[in-house]
Amino acid sequence: MAQQQSSVTYPTREAVDFVIVGSGAAGGVIAKELSVAGFSVVVLEQGPHLKANDFKHDEWSYDYNGGLIWGSKQGHPQTFRKAANQPTRPAEAALGYAHNVGGSSVHFSGNFWRFRPIDFKEASVRGSISGTNFADWPITYEELEPYYTKVDWEVGVSGLQGPWDPPRTRPYPCEPMPIKGSDVLLERAGKKLGLNPYPAPVAILSQPHNGRPACIHCGFCNGFGCEVNAKSSSMATMIPLALASGYCELRTGCTVSRVSTRDDGKADEVVYWNAEGEEHAQRAKAVVLCANGAETPRLLLLSASAQHPQGLGNSSGFVGQNLMFNGYTSVVGLFPEPVNAYKSIPATRVIHDYYELDKTLGFYGGGGIDGRHYARGTPLNSALMSGMFGGPKWGADYKRSLEQEFTHTAAFDGHTTSLPLATNTVTLDPTLKDKWGRPALRCTYMDHPDDLATMKFFFDKTNELMEAAGAIRQAGSYPENGQEGNVHLLGTCRMGNDPANSVVDKYHRSHDVPNLFICDGSSLVTSGRGQPTMTIMALAFRAADHMIQSARRGEI
Amino acid sequence: MTNAELNRRAFLRAGGDAMKASCIALSFPAVLTACGRARQAHLAGDDFTSLSADEAREYDAIATRIIPSDDTPGAREAGAVYFIDNVISDAFERQRQALRSGLADLQANTANLYGKAQFADLSPVQQDSLLTQSEGTEFFATIRFLVIAAMFSLPEYGGNKNKLGWQLIGFEDRHAWAQPYGFYDSDYLEKGE
């Protein structure tokens with residue numbers, strides 16, 4: 001059914017309408033929208049085009065050998081430091097993302113919460129927070145809602161409208177996924193405590209939709225590519241439509257080095273190395289960056305020129321700033337009967353009663369709680385963590401822990417807010433280089449005290465829930481000394497109305513470079529409550545809509 | 001709660017710490033070529049690609065203490081040493097050196113304390129005592145990581161023979177599942193919640 005090859009080849013020396021850097025959650029959506037509308041599109045993707053039949057239940061390759069997330073062995077080293085005055089150390093994928101067509105939408109868990117009206121205007125409602133860049137978005141939930149609905153139906157989402165959910169104009173296209181034992185325990189515990197657990201919205205099909213099959217519950221979602229195309233990645237949903245349009249050329253194995261600008265300051269070509277290592281430059285009328293919240297700011301910083309000395313599109317100095325990860329917490333409980341949380345999708349129930357924490361607590365924050373397997377259901381990771389209730393880490397008693405913990409545990413996880421801070425950044429490492437000779441990604445990150453307090457709150461709540469669930473033993477953790485990496489890469493080229501404190505306008509157009517658009521996790525003004533991909537895809541549909549209208553009016 | 005408080009520091013990073021403490025994790029090129037060789041080696045008999053027969057005997061003995069064979073099979077029956085052999089054959093020389101010198105240290109302690117040349121020739125109690133002493137070393141962290149990786153990775157990488165590792169933890173590698181997945185969702189469906 002799905003087209004998997006480009007049916008068009010564009011010459012590099014003639015300007016295509018749009019060149020898109022990155023084919024992930026945002027890039028895949030924008031490539032599909034623009035090409036189906038009849039614009040000529042070239043997509044540059046540094047990774048390979050892996051498809052459903054390339055994926056395996058192979059933890060050793062994916063988690064330990066850079067199968068999807070590249071590291072220093074693949075020539076992509078990174079560094080990390082907690083603050084500018086702290087020591088910098090090499091860090092494997094501190095800013096973690098999948099290197100393949102579809103980006104991280106291929107290997108993500110599929111949790112697909114919409115943001116809510118409050119997320120877009122929280123700074124006004126709560127008041128500003130000194131020392132942070134906490135701000136309202138330039139758009140409202142109501143402006144984004146039609147595009148959330150487009151994602152629901154075009155990309156494919158399973159769920160059921162819950163008691164706290166924001167208003168929607170259409171129901172979910174697919175019914176909720178069947179409940180897992182870990183979420184039965186969460187649901188019963190939540191109800192006992194007077195909370196409102198309800199089916200988790202997920203970008204995984206519970207029933208056939210748009211020509212793709214239903215999930216077969218194999219359990220290898222988070223960290224893996226779906227082997228039957230039931231996970232609604234942009235690879236499975238959008239890229240085939242873009243390729244079938246006849247207007248989209250997908251070039252894989254292409255690593256972009258810079259966006260070049262003309263004397264008038266407009267972008268005119270994207271320079272890249274192809275899979276053979278040869279340098280090419282694709283001319284374009286407009287450039288769209290969808291390279292994720294780490295690689296997009298890096299590319300802008302690498303594209304500094306005489307006209308753009310601080311980096312392309314960076315007159316505000318906000319490129320690379322305000323990096324937000326989302327916080328997380330995890331509590332694991334041991335139960336007398338088999339839970340088998342390793343089967344089926346990561347999470348089937350969510351508790352959103354703590355979406356906005358009471359202001360009287362004295363700190364800002366909020367989040368959601370879901371039930372999971374403690375190590376994504378993967379045997380090797382699970383075994384490495386076994387003995388988690390205080391048992392030894394090798395020997396006969398370790399073996400007894402192994403026999404119990406993989407099958408007889410449930411984890412209750414918290415997913416929480418991060419505040420945007422000028423000091424949390426993606427920058428260019430001054431000394432370390434990647435395999436192309438480009439400065440490596442350097443991450444500087446320390447959670448705000450309110451973010452840590454929020455994690456503590458969720459850690460305590462999930463411990464209470466675990467007790468209410470009847471766990472025999474429980475253990476858990478949250479990063480109380482601050483996170484040192486994440487896969488949510490948000491806020492580093494934020495959208496806003498004021499060019500002094502944002503990078504793109506409300507339509508994702510660069511304030512500085514009129515034919516440069518930026519849309520991915522970097523566009524987010526606030527972090528949401530821990531599941532950003534749905535919002536990234538909705539923003540991409542909306543951004544593409546406005547690009548199409550502008551192009552048709554001759555305004556690009 | 002007390003238990004949670006005691007364990008939360010250690011808990012979440014456990015997987016990551018196991019890798020970080022190990023000198024070899026995150027550093028294997030071309031693991032897939034290694035698995036091709038693994039099949040050939042098995043077909044040819046007990047040949048090892050990179051380990052000497054003595055080294056293989058020692059690693060097998062260590063693996064057997066990390067996941068012992070008792071009423072159920074352990075790392076020995078799962079062929080952990082074959083996985084280790086494959087991984088070491090693709091490791092950097094620096095990493096191979098670190099392992100060789102770690103093993104040499106363990107054997108030096110074996111000789112000093114028990115007057116034997118090989119760790120494999122000690123009693124299980126003596127072996128456990130020596131391993132307990134080396135718990136904080138990079139060598140122990142690496143071998144522990146490799147034994148566990150051997151036990152729970154896909155069998156084509158050389159270990160987890162007959163899926164013995166997966167059987168131990170109750171993991172069934174099926175391509176498809178349907179409800180009920182376990183006791184609690186079965187109970188939930190039965191009660192019509």
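As a reminder, the structure under discussion sits directly above these lines.
Nothing here was measured: the structure is a model prediction, and the numbers come from that model.

From N to C terminus, chain A includes 12 helices and 17 strands. Taken against the 2.2 N^0.38 rule, which gives 24 Å for 556 residues, the C-alpha radius of gyration of chain A at 22 Å falls within 12% of a compact globule. For chain A, the spread of C-alpha atoms along the principal axes amounts to about 70 × 55 × 50 Å. For chain A, with 556 residues in total, the buried portion stands at 63%. Taking all contacts inside chain A whose residues are at least 6 apart in sequence as the whole, residues at least 24 apart take part in 74%.

This next bit is on the overall build of chain B. Looking only at helices and strands, chain B features 10 helices and 0 strands. Listing each helix as α and each strand as β along chain B from the N terminus yields α-α-α-α-α-α-α-α-α-α. A burial count over chain B gives 39% of its 193 residues as buried. In chain B, once contacts between residues fewer than 6 apart in sequence are set aside, the share between residues at least 24 apart is 65%.

Moving on to the interface of chain B and chain A. In this assembly, 50 residues from chain B lie in contact with 54 residues from chain A. Taken together, the elements giving at least two residues each to the side of chain B that touches chain A come down to helix H1 (2-11), helix H2 (14-21), helix H4 (53-66), helix H8 (138-152), helix H9 (164-169) and helix H10 (183-190) of chain B. With 7 residues, the single largest contributor to the side of chain B that touches chain A is H1 of chain B. Along the lines of polarity and charge, the residues of the side of chain B that touches chain A split into 32 nonpolar, 10 polar and 8 charged.

All names here are of chain A. Spatially, S4-S3-S15-S14 is the arrangement adopted by the 4 strands of the open sheet, whose pairing is mixed. With one partner strand each, in any of the chains shown, strand S4 (89-90) and strand S14 (425-433) form the two edges of the open sheet. Relative to strand S15 (residues 439-444), S14 runs antiparallel, the two sharing 5 bridges. Its bridge partner being in S15, Leu-428 is matched across the sheet by Leu-441. Contacts from helix H8 (residues 292-302) reach S14 and S15 within the one sheet, and its direction differs from that of S14 by about 65 degrees.

Residue and element names in this part refer to chain A. One open sheet holds the 6 strands; their spatial order is S5-S11-S12-S13-S10-S16, and the pairing between them is antiparallel. Of all strands in the sheet, those bounded by a partner on one side alone are strand S5 (197-199) and strand S16 (473-477). Neighbour-to-neighbour, the strand axes of the sheet open up by a mean angle of 25 degrees, direction not taken into account. Pairing of strand S11 (residues 349-351) with strand S12 (residues 367-372) involves 2 bridges; the strand directions are antiparallel. Of the residues in S12, the one forming a bridge with Val-350 is Asp-370. Across the sheet, helix H11 (residues 449-468) lies against strand S10 (327-334), S12, strand S13 (409-416) and S16, angled at about 20 degrees from S10, the strand it touches most.

Another aspect to go through is the nonpolar core. Membership of the largest hydrophobic core comes to 214 residues, with the highest contact counts inside it found for Ile-30, Val-41, Met-537 and Ala-540 of chain A together with Val-147 of chain B. Tallying contributions element by element places H8 of chain B first for this core, with 12 residues. Apart from the residues lying within four places of it in its own chain, the contact partners of Val-147 of chain B are Ala-63, Ile-66, Ile-67, Ala-75 and Ala-80 of chain B.

Moving on, we get to the environment of Lys-150 of chain A. Residue and element names in this part refer to chain A. By secondary structure assignment, the location of Lys-150 is in helix H4 (residues 141-156). A tally of 19 C-beta atoms within 10 Å means that Lys-150 is categorised as partly exposed. Remark: the alpha-carbon pair of Lys-150 and Asp-397, spanning 247 residues in sequence, is separated by 52 Å.

Residue Gln-179 of chain B is joined to Pro-180 of chain B through a cis peptide bond whose omega torsion reads 0 degrees. Its location among the elements puts Pro-180 of chain B in the loop between H9 and H10. In this structure, Asn-292 of chain A takes a positive phi of about 95 degrees despite not being glycine. Turning to its location among the elements, Asn-292 of chain A is positioned in helix H8.

Time to look at the packing of helix H6 (residues 93-114) of chain B against H8 of chain B. Residues and elements named next belong to chain B. At a minimum axis distance of 9 Å, the contact between H6 and H8 shows a crossing angle of 110 degrees. As far as their axial angle goes, H8 and H6 are roughly perpendicular. Two secondary-structure elements touch here, H6 through Ala-98, Leu-99, Gly-102 and Asp-105 and H8 through Glu-138, Phe-139 and Thr-142. Per-class residue counts for the contact of H6 with H8 are 3 nonpolar, 2 polar and 2 charged.

As a further point, take H8 of chain A. In terms of burial, H8 of chain A is largely enclosed, as 10 of its 11 residues are buried. Among the residues making up H8 of chain A, those that are buried are Asn-292, Gly-293, Ala-294, Glu-295, Thr-296, Pro-297, Arg-298, Leu-299, Leu-300 and Leu-301 of chain A.

Our next topic: the pairing of strand S1 (residues 16-21) of chain A. On a regular strand, each side chain points to the face opposite its neighbour's, so the side chains alternate between the two faces of the sheet. Residues and elements named next belong to chain A. Buried residues dominate S1, accounting for 6 of its 6 residues. Both S1 and strand S2 (residues 41-45) contribute to a ladder of 4 bridges, which runs parallel. Bridge pairing links Val-19 to Val-42 in S2. The parallel pair S1 and S2, bridged by helix H1 (residues 25-36), forms a crossover whose chirality is right-handed.

This brings us to the environment of Thr-409 of chain A. Residues and elements named next belong to chain A. If you trace the backbone, Thr-409 turns up in strand S13. On the neighbour-count criterion, Thr-409 (29 C-beta atoms within 10 Å) is buried. Each C-alpha atom, one on Thr-409 and one on Val-29, is 38 Å from the other, the two residues being 380 residues apart in sequence. Setting aside residues no more than four positions away along its own chain, Thr-409 makes contact with Val-332, Gly-333, Leu-334, Phe-335, Val-339 and Tyr-374.

Quick notes on the rules
- Residues numbered from 1 in each chain as written.
- Chains lettered and ligands numbered in written order.
- Predicted model: local features only at pLDDT ≥ 70, side-chain atom pairs only at ≥ 80, totals over all residues.
- Helix = DSSP H or I, 4+ residues; strand = E, 2+ residues; numbered from the N terminus.
- Rg over C-alpha atoms; globule rule 2.2 N^0.38 Å.
- Buried ≥ 20, exposed ≤ 12 C-beta atoms within 10 Å, placed from the backbone.
- Contact = placed C-beta atoms within 7 Å.
- Nonpolar A, V, L, I, M, F, W, Y, C, P; charged D, E, K, R; others polar.
- Pairing = 2+ DSSP bridges.
- Axes fitted to C-alpha atoms, helices over the stretch in contact; angles between N-to-C directions.
- Core = buried A, V, L, I, M, F, W, Y, C linked by C-beta atoms within 7 Å.
- Parallel < 35°, antiparallel > 145°, perpendicular 65-115°, else oblique.
- Right-handed = clockwise from strand over helix to strand, strands pointing away.

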